Structures are given as C-alpha cells and as structure tokens.
Amino acid sequence: MRIWCCLCFGEEEDNNKGYKSMKDRILGNNGEELPDDNPAFDWRSVFDGVDIVGNVSVGRNEEIDFDMNWLSSEVEARNGNYCGGERMLNVNLNLGLSGEASSSSTVQKEETDCDTCSKRPKVNSFSLDWDNHLLQETSYLCPMNEGGEDVSLSNLLGATDDEGKDNDISKMEDLDVRMDLTDDLLHMVFSFLDHIDLCRAASVCSQWRAASSHEDFWRYLNFENKQISSDQFEDMCRRYPNATTINLYGTPNIHPLAMKAVSSLRNLDALTLGRGQLGETFFQALTDCHVLKSMTINDATLGNGIQEIPIYHDSLRLLQLVKCRVLRVSIRCPQLETLSLKRSSMPHAVLNCPLLRDLDIASCHKLSDAAIRSAATACPVLESLDMSNCSCVGDETLRDISQTCANLRVLDASYCPNISLESVRLVMLTVLKLHSCEGITSASMAAIAHSYMLEVLELDNCSLLTSVSLDLPRLQNIRLVHCRKFIDLNLHSGMLSSITVSNCPLLQRINITSSALKKLVLQKQESLTTIALQCPNLLEVDLTECESLTDSICEVFSDGGGCPVLKSLVLDNCESLTVVAFCSTSLVSLSLAGCRALISLELRCPYLEQVSLDGCDHLERASFCPVGLRSLNLGICPKVNVLNIEAPQMASLELKGCGVLSEASINCPLLTSFDASFCSQLKDDCLSATTSSCPLIESLVLMSCPSVGCDGLLSLHSLPNLTYLDLSYTFLVNLQPVYESCSRLKVLKLQACKYLTNTSLEPLYKENALPALCELDLSYGTLCQSAIEELLACCTHLTHVSLNGCINMHDLIWGFTGDQLSHIPSISIAPHGSSLGELHLPNELPKRLLENLNCVGCPNIKKVVIPMAQGFLLSSLNLSLSANLKEVDIACYNLCILSLSNCCSLESLQLECPRLSSLFLQSCNIDEEAVEAAVSRCTMLETLDVRFCPKIFPLSMTKLRVACPSLKRIFSSLAPL
C-alpha cells in the first residue's frame, strides 16, 4: 500500500485551538483520545505493532516503534528537499506476491482538482520489493501558493485570533492528514494480538476500532479465571455469534454461562468448563449444540452429586471429565473417540461409544473391577487404555479386555497390585507400562513374550521381579528402575535402542543382542559381574561404579567381543579390575579413573586418542603399543616401573613423579615435549634410547634425575631442535656435555646444582658456548660473587637471569661504584616511543641485553647500583625478601617493574627510571621522604605499593601524589586509595 503521512512542523502557540482541530482531523472522533494538555499526537501509540522501516514483524505483546521523525529525516537526507510547512510521504508497502493490486486492499484516490495536500491517500497492495523502490516511491508534496512560496503550518497558525482564526482552522481541516492503513494490513497485524491488546487498539481511532472487532479475532473467547457477569457474557455472545471456542474455567456461576453458550452460539466447536457446579439441564441442552466436538470439564460437581448424569451427543469426539464429582454417568456419543474420566469420583460409568479409541480412567479409585470391565469391553475398537492407580483391577478383567478389544495397543496398568498377567494375551500391544505392580514376577514374562508387536516396556519398582528374558523383534525401549530383587537381564531385539537400568542392587548378569543399540549406560550396578553383548552398532558404554566387574570384561570390548565399532568406554571406579588389556581397532576414548586396584595395563588400540588414569596409584606396568594418543600424563601413577610407549602421533609426554620408573621404552617420532621430573631411577641408557627414537624433542625436563650423567647428556646431540633444558636439582659437576650437545639451547635451568664449580660457566662467555642462550636460572646455587659478576658482565646476550636464593651474592654493582656515577658520560636518550637504534651509548661501556633479573631471597645483598648505561634494556627487577638490602641506586631508562617488597633493612632509595610503572615497597622500613624523592624522578609511575610500611603515614599519600602526578593507584594498609 501507499501511506501518506503529513508531518507538521511549526512554532508553538499558546492557543491550542489549531492543534485541537488538527487532532480532531487525525483521530476522526472529535479528539477524545488526546488530553487537552498534550497538543502533540503520539504516533508511536497509534502504530504500536507496525514497523514501517522495512519489516512488518509483529509478535504478541511486543512494542515495535513507528518512528516518524526518523523516517522523515531519512527521506530528507536522501532527497535533499525540505518543505518548511507540511510534508507528504508516499511509501510503497506492497506485500502482495504479484504486482497487481488487491481489490480488498485498494482505496481509490478521491477525484478532485484541489491542491495535492487535500487528496486522500492512495493505498496499493503491499509488495515485498517496496524497499528496492523506496527512493522512487518517496516524494514530498509541499503545498505551494500562487506566489510560489511554501505554505507552512507555522504560517497557517500564525494569524491573529481576531482576524484569521476561523480561516486557519478551515485550512487545517482541508489538509485531511489521516494515517490510513488498509484493512487487510491491519487484519494481519492484529492477528498477532490477544484480546486485551485488541481492546487497547480499538481506542486509537475508528478505523482501528472497526478492524479490531473483526469476528476472526473473536472466535476463541477465553474467560478463564475472569470475573465476568451473565449480562457481560450475553453481550459477548450477541456481538460474536460465530465464536467457535469458549473457555469458562474458573468463572463464577458457570452453569448459567454454559447454558447461554450452548443456546446462543450455534457454531460452538469446543467448550471448557470447571470449578463450579453444572446442573442436569446443561447436559440436556447439549443436544441442541449440534456442532460441538470437544468438551472439557475439570474440577466440577455434575448435577447435585447424587443423581445420574446423561451425556448424549451425536457429534462429540472428545470428552474430558477430570476430577469431577458425580454418582453415576451415562455417556452415549456415537462419534466419541477420546474419553477421560481421570481422577473422577464416580462408582458407576456406562459407556455406549462404539468408536471410542482412547479411554483414560486413571486414579478412578471408586470404580469397581466390574465397572471397569463393563466400560472397556463396551468399546470394541479401543486402542489406548489408561487404568493406572485402579487398585481393584485384576487379571480376569484384563483377559476380557484383551478378548474384546483386539486392537488395544497402549496399556498403562501401573500401580495395580492385583495384576500378574497370568493367561493374558495382548497380541497387538505396542506400549505396556507396569510401574509398581507387585504381582509382576518372572512368570509374567511368558505373557509379555506373546506381545510380539511390543515397542515400549516399563517395569519400574516391580519389587518381586527377579529376571527378564524376552525375545521381541520390535522392542525399542525398556525401563527397569528400582527393582530390588532383579538379578538377570536377557534381551534379544534387533530394534532395541534404549535401555534404562538403574538402582537394581542385585543385578549380576546382562545379555543383550541388538542391532540398533548405540549407547549403553549401567552406572552404579554394584553386583554386576557378567556382561555379554552382541551389538554391532554400539558406540558408547558407561559402567561407572560397577564395583564387581572382573578382568573378563576386557574380552567383551576388544575385537571379536561383539562391539566392533565401540568408540567410548568408561570404567571409572571399577575397583575390582586388576589386569586390564584391550585390543581394539575402533576404541577412541578410555577412562579408568579411580580403578585403585589396577596393577597392569596393556592397550593395543591404534586409534585411541584419550585415556584417563586419574587415581590409578597402584599401576606398576603400562604398555601403550600402539596407540593414537597425542599426549599422555603418567605423573599420577607414582608406582609405574615398566613403561612401553609406541605412539606415532604423540607430541607431549609427562612422567613427572614416576620415582620408581627404571625401564622405559619410548618410541614417539613426533614427540616435542618430554618431562621426566623426579624420575630418580631414570638412567643414561634409557635417556639415550629415548633421544634416539624421538629426534624432534624441543623441551626436555630432567629435574631431580640424579642418575643421569655425562653419557646421558652427550646423547642430547641427537636432538637438533632442543631449545629448553632443565637440569635442576641434579648432581652435575661440569656442563661440558651440555655445551657440546646443545648448540641451539635457548633456556637452561640449573636450580640447586650445588656441585657446579665456579668455573663451570666460563665457557659461556669465554668460549662463546651456547650462543643462542637467552635465559639462565642459577637459583639456590653455590657460585661465588666473582663468578656471578663475571657472568653478568660478560654474558651480554642473556635476557633473563634468575639468581634467587644465592647466598654467596653480596652486592650488585654494575660497572661503577656510587662515587663514580657522577663521572659517567652523558647519554642522549630518545623520547618515549622512539626506536632503540636512535640511542647512542658510549663505546667503552658494555651493551647488555638483559631484560629480566630476579634476585629474590638473597640474604647477603646489601647494595644495588645499576647505572643507566649498564642496564639500559632492563625492564623488570625483583629484589624481594633480601632482608639485608640497605641501599638501592638504579638508573634504568626501560625499567617498568621494580619489586623491593619485604626488604626490611632498606634505608636509601634513589631512582631515575622514566618508564617505571609499578613500584612495590611492601613491608619496607623506609621513610616517606626517601620514597617521595624516589618517585619524583619516575614520571610514568602508576602503581605504588607501600602496605605494611611502618614509617609511611596516611597523610603521606597526598605528598606522594604531588611528588608524582602520574600515580593512579597507591596500596596502603593504613589508608587505601
């Protein structure tokens, strides 16, 4: 369609008469919807539910804006035109599937020779391609006077009250600025609204009132739990005589309302009643409601409670009398197909429904066995019967039903203790539910076996059932939950796809044959000892906490065991497993977590990608030959002493903590990371064999491997890609084998190697050994002060050095003493952000590449002096826990992080670090004047930690911020800021 919108922009007037006239023309109902104090019309409220910007996507109770201001500005931007007074917008909103206009949605333009502004909108059919022609179909129709000037709204309203008031009002009325939508578009939009929203829409304008009252929206009258009077309901029935569905549940006085509905609504198709009393006259009047097909009465009293209620109807197909109170009911409905008397307190029920297919009499406790038998046998074509919680039903009734109702397919006899199925034959049955039937025993399986069409069988809480042995070709689903005496399960069904067995504490044996079963879950079956499976499509098995399973289970899940495509097997917490051996070409995932008795594990699964051995702390022998694992962690198995691995795809192997491992054969050609920490029994021959078969190793951790000697280290020449080597906590005396074998080493860790001599590291800076080395960790070593000083002074290619806990390290003074610092030649420092190539250092000073230095816990360090030229690239320095450190004098251009926490003897702090961003002085005994002077030279400092500093008081925080304006965070235990 085309929508012509008139948006008026003019100056505000104290007199609202002009606006009121406009309001009247827009609403068409004398402007009653707008209050006098609101001269502007709220377009959003009018078009609540319509999206003009390309989409008509309306949902129930959704608010979708119709933003006319946005639309007008958008069109103005596209066309570049502006009419100071009135804007006319012509938008094509065709939703039709063809280009032709719909006759029902077309409003012809009035034939008039007047000015364009007075024309009524022309509405065409709504096309989905309207957005493609938005620019072509959008135009501004600005009224022009004879002089060529714009006739604006401000001009129309600008006349004086005495001379031009009436003339202006007449001109405004001539504009006819209505937003006119086609009835079919409104009908489509309103179809998404409920009755309350329709009533709200009706108050907008006369057009919307007419559209919202269309009978299509009022065919379903829902008065559930509404306080509606008889007069109001009668008025609704008179206004909408074609209503087809009525819901009067929970309304007061349902009897007169129901009588009015069945007498006045001749097209009534479905009726819902409840919570009240229905007299006998209502059921007599039902015969006059000829098209009624569905009736539901819930929680109601029928009649006076002591009389027979007849329900006779020729076209009724669904009848529900749920939780109703009545003495006797007689139902004669020749077309009835579904009947529910669930939870109704009636001792007698007479049925004459020859076409009834679905009967629900669940929880009808007052119905006798004979009454149930009479009701069910009166329905020869019955297909579904629910008589759960009818405790009086016995096998004789079931036998009569099975003989009369030959088409019975669904039977729910749950909570019927007298049923044992003795001599009962339900041949066509497909669904059988027997929850909590105390009479069901193993002998009952003979009767169930005759139901060869059975698909669903549920036997939950059958306390006397001990075994189930069935061969049913169509069985798909079986449930056995809380069967306390159940011992043996034997199922043969080619279509069996779901088995639910839970909380059967005595279950010992399971034998399943199925071609459709893909997942089997049998968790927490404590007594289960034997499983036999013939399931060619089984993919997943979960036997978690089946504590009695023995080692023979491995044969079931190995090749030839009946599960040829098994991919996932979970045997967590199966504590009786001791020797596990699987040979499977399909297994992908195996979990043995918590199998604490497991001693030996042998896996020959070439496609195995995941294995979990958490908690297998008694495992002694493990063989993975071959497997498809990409990573393996055996550090959680501390007692492993024999290990064989053949894994062509493995990239990471962790044996951390295998302290008794003495024999290991590792053949992993793609291995890149090998961690053998704390493998104290690992010897040179094992290391040599591993490096020979795994030539791609890049990271090797031999921490606390005291049995590794020179021969083992010399074998590292087989690893050309080795870049990371950890020999911490070993008994190495010299590092010559490392220098000769690891030419590409980048990281070397020698923590606590206390047998290294002071000359062990000389080849690093005298012979240029390990030229690629950039990180060196000598923490907790015994090297002397001079060896450390020479290392720091001459190994200029190191970027990361750790000297934590070195007791022989006294002072850290690079290149110059404190008195010589004033004589250092000046250094031109490039501004922040410039490249290092623009910096010019004196040639006589060494150019260190050190970036990170850690000297944590060095108890004998007393003084640290680092001049600008010596530590120019240093970015992080950690001197924490150096209890005797007193003086720190650092001038480092690139230093960003400095930690002096717990240096309780610190007295002097001098810093010239223009890029320092974080300074940690926690628990230092330094005074506030020294800190203030230190931070004043750090122009980029953002974080300062002075917690637990006894000489720094809360008032000092302000001084620190004045001394260093760049501070953003000060951590203080006294005054957090």
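Residues numbered from 1 in each chain as written. Predicted model: local features only at pLDDT ≥ 70, side-chain atom pairs only at ≥ 80, totals over all residues. Heavy atoms only, no water.

Within an unreviewed UniProt entry, the label attached to the protein chain reads F-box domain-containing protein, and the organism entered is Anisodus acutangulus.

Caption draft 1: The overall build of the protein chain, seen in detail. Within the protein chain one finds 23 helices and 52 strands. The buried share of the protein chain, reckoned over its 977 residues, is 48%. When contacts within the protein chain are restricted to residue pairs at least 6 apart in sequence, long-range pairs at least 24 apart make up 45% of them. Per element, the accessible surface of the protein chain, about 43,600 Å² overall, is 48% carbon and sulfur. (Helix = DSSP H or I, 4+ residues; strand = E, 2+ residues; numbered from the N terminus. Buried < 20%, exposed > 50% of the residue type's maximum accessible area, 1.4 Å probe, protein only. Contact = heavy atoms within 4.5 Å. Areas by Shrake-Rupley, 256 points an atom, 1.4 Å probe, with all protein chains shown as cover.)

Caption draft 2: Here's a closer look at the sheet that holds strand β13 (residues 348-352). Strand order in the open sheet made by the 3 strands is β9-β11-β13, with parallel pairing throughout. Bordering the open sheet on either side are β9 (308-312) and β13, each of which pairs with just one other strand. When the angles between neighbouring strand axes are averaged without regard to direction, this sheet yields 10°. (Pairing = 2+ DSSP bridges. Axes fitted to C-alpha atoms, helices over the stretch in contact; angles between N-to-C directions.)

Caption draft 3: Just the side chain of threonine 691, in detail. Tracing the backbone through its elements, the reader meets threonine 691 in helix α17 (residues 684-693). At 3.5 Å, the side chain of threonine 691 forms a polar contact with the backbone oxygen of serine 715. If near-sequence neighbours (up to four positions away) are discounted, threonine 691 is found in contact with Ser715, Leu716, Ser718 and Leu719. (Polar contact = N/O pair within 3.5 Å; in protein donor to acceptor, adjacent residues only side chain to side chain.)

Caption draft 4: Just a positive patch on the surface, in detail. A contiguous patch of positive charge on the surface is contributed by Arg275, Lys323, Lys342 and Arg343. Inspection of the secondary structure puts lysine 342 in the loop between β12 (338-340) and β13. (Patch = residues over 30% accessible without salt bridge, like charges linked within 9 Å, V, L, I, M, F, W, Y side chains within 5 Å. Salt bridge = Lys/Arg side-chain N within 4 Å of Asp/Glu carboxyl O. Lys, Arg positive; Asp, Glu negative; His and termini not counted. Charge placed at Lys NZ, Arg CZ, Asp CG, Glu CD.)

Caption draft 5: Region of interest: unusual backbone geometry. The step from cysteine 625 to proline 626 runs through a cis peptide bond, and the omega angle for that step is -15°. One can find proline 626 in strand β32 (residues 621-627). Positive phi values are uncommon outside glycine, yet histidine 482 reaches one of about 60°.

Caption draft 6: Spatial organisation of a nonpolar patch on the surface. Together, Phe731, Val733 and Tyr755 make up a nonpolar patch on the protein surface, roughly 350 Å² of accessible area in all. Note on placement: tyrosine 755 falls in the loop between β40 (747-749) and α20 (762-766). The exposed category is assigned to tyrosine 755, whose relative accessible area is 52%.

Caption draft 7: Quick look at the packing of aromatic side chains. Following the criterion strictly, the structure yields 7 aromatic pairs and no others. Judged by centre distance (5.6 Å) and plane angle (75°), the rings of phenylalanine 190 and tryptophan 208 are edge-to-face. Highlighted residues: phenylalanine 190 in helix α7 (residues 183-190) and tryptophan 208 in helix α9 (residues 206-212), separated in sequence by 18 residues. With a relative accessible area of 3%, tryptophan 208 lands in the buried category. Judged by centre distance (5.8 Å) and plane angle (80°), the ring pair of phenylalanine 223 and phenylalanine 233 falls under edge-to-face. Taken together, the residues span a long stretch of sequence, with phenylalanine 223 in the loop between β5 (220-222) and α10 (230-239) and phenylalanine 233 in helix α10 at a distance of 10 residues. By the burial criterion, phenylalanine 223 is buried, and phenylalanine 233 matches it. An aromatic cluster is defined as three or more aromatic residues linked by ring pairs; in this entry it consists of Phe190, Trp208 and Phe217. A cation over a ring is seen here: arginine 332 above tyrosine 312, with NZ or CZ 4.1 Å from the ring centre. (Phe/Tyr/Trp six-rings, centres within 6.5 Å; stacked < 30°, edge-to-face > 60°. Lys NZ or Arg CZ within 6 Å of the ring centre and 35° of its normal.)

Caption draft 8: Geometry of the sheet that holds strand β43 (residues 811-813). Taking strand neighbours across the sheet as the criterion, the 4 strands line up as β43-β45-β47-β49 in an open arrangement whose pairing is parallel. Edge positions in the sheet fall to β43 and β49 (908-911), since each of these pairs with one other strand and no more. The mean inter-strand angle of the sheet, taken between neighbouring strand axes irrespective of direction, is 10°. Bridging between β43 and strand β45 (residues 863-866) involves 3 bridges; their strand directions are parallel. Considered in β45, the bridge of aspartate 811 is made with lysine 863.

Caption draft 9: Main features of the pattern of salt bridges. Following the criterion strictly, the structure yields 25 salt bridges and no others. Two residues, aspartate 400 and arginine 373, come together in a salt bridge whose shortest N-O distance is 3.6 Å. Pair noted here: aspartate 400 is in helix α14 (residues 395-404) and arginine 373 is in helix α13 (residues 369-377), with a separation of 27 residues, a long-range link. Exposure remark for aspartate 400: the relative accessible area of 25% places this residue in the partly exposed category. A salt bridge links aspartate 945 to arginine 947; its shortest N-O distance comes to 2.7 Å.

Caption draft 10: Representation of the environment of leucine 475 in the model. Residue position: leucine 475 is located in the loop between β19 (467-471) and β20 (477-481). Considering only alpha carbons, one finds leucine 475 and glycine 494, 19 residues apart in sequence, at a separation of 7.9 Å. If sequence neighbours within four positions are ignored, leucine 475 has contacts with Leu454, Glu455, Val456, Leu457, Ser493, Met495 and Leu496.

Caption draft 11: Molecular detail of the nonpolar core. Phe282, Ile297, Ile331, Met387, Val468, Phe557 and Phe624 are the most contacted members of the largest nonpolar core, which has 264 residues in total. By residue number, the principal contributor to this core is helix α11 (residues 254-264), which donates 5 residues. For phenylalanine 624, the contacting residues outside a window of four places in its chain are Leu601, Leu603, Leu613, Leu629, Leu632, Leu634, Leu643, Asn644, Ile645 and Glu646. (Core = buried A, V, L, I, M, F, W, Y, C linked by side-chain atoms within 4.5 Å.)

Caption draft 12: Representation of the packing of α10 against α11. Running from N to C, α10 and α11 point in directions that differ by 15°, and their axes come no closer than 10 Å. Relative to α11, α10 is oriented roughly parallel. α11 is crossed by α10, and the crossing has right-handed handedness. Mapping the contact onto sequence places Ser230, Phe233, Glu234 and Cys237 in α10 and Pro256, Leu257, Lys260, Ala261 and Ser264 in α11. Of the residues belonging to the contact of α10 with α11, the class tally is 5 nonpolar, 2 polar and 2 charged. (Parallel < 35°, antiparallel > 145°, perpendicular 65-115°, else oblique. Left-handed = near helix turned anticlockwise from the far one by under 90°. Nonpolar A, V, L, I, M, F, W, Y, C, P; charged D, E, K, R; others polar.)

Caption draft 13: Local environment of the pairing of strand β34 (residues 642-646). Side chains Leu643 and Ile645 of β34 all project onto a buried face; the interleaved residues Val642, Asn644 and Glu646 project onto a face where none is buried. One ladder, built from 4 bridges, connects β32 with β34; its direction is parallel. Bridge pairing links phenylalanine 624 to isoleucine 645 in β34.

Caption draft 14: View of the state of the cysteines. Enumeration over the complete set of coordinates arrives at 0 disulfides. Note on cysteine 668: no disulfide assigned, nearest cysteine sulfur contributed by cysteine 694 at a separation of 5.0 Å. (Disulfide = S-S within 2.5 Å.)

Caption draft 15: Representation of the pairing of strand β23 (residues 509-513). Only one face of β23 is buried, namely the one carrying Ile510 and Ile512, since none of Arg509, Asn511 and Thr513 on the opposite face is buried. Of the pairings in the sheet, the one linking strand β21 (residues 488-492) to β23 comprises 5 bridges and is parallel in character. The partner of leucine 491 across the bridge, within β23, is isoleucine 512. Here 5 bridges tie β23 to strand β25 (residues 530-534), and the two strands are oriented parallel to one another. Paired with isoleucine 512 across the strands is leucine 533, a residue of β25.

Caption draft 16: Structural context of α10. When α10 is considered as a whole, its buried residues turn out to be Phe233, Met236 and Cys237. One side of α10 carries all its buried residues, which in axial view fall inside an arc of 100°. Set apart from the buried face of α10 by more than 90 degrees, the exposed residues are Asp231 and Arg238. On its buried face, α10 is in contact with β5, β6 (245-247) and α11. (Arc of directions from axis to C-beta.)

Caption draft 17: Representation of the environment of serine 880 in the model. Mapped onto the fold, serine 880 is located in the loop between β46 (876-878) and β47 (887-890). The exposure class of serine 880 is buried, given its relative accessible area of 9%. A C-alpha to C-alpha distance of 8.5 Å links serine 880 and cysteine 858, two positions 22 residues apart in sequence. In this structure serine 880 touches Cys855, Val856, Gly857, Ser899, Leu900, Ser901 and Cys903, once residues within four positions along its chain are discounted.

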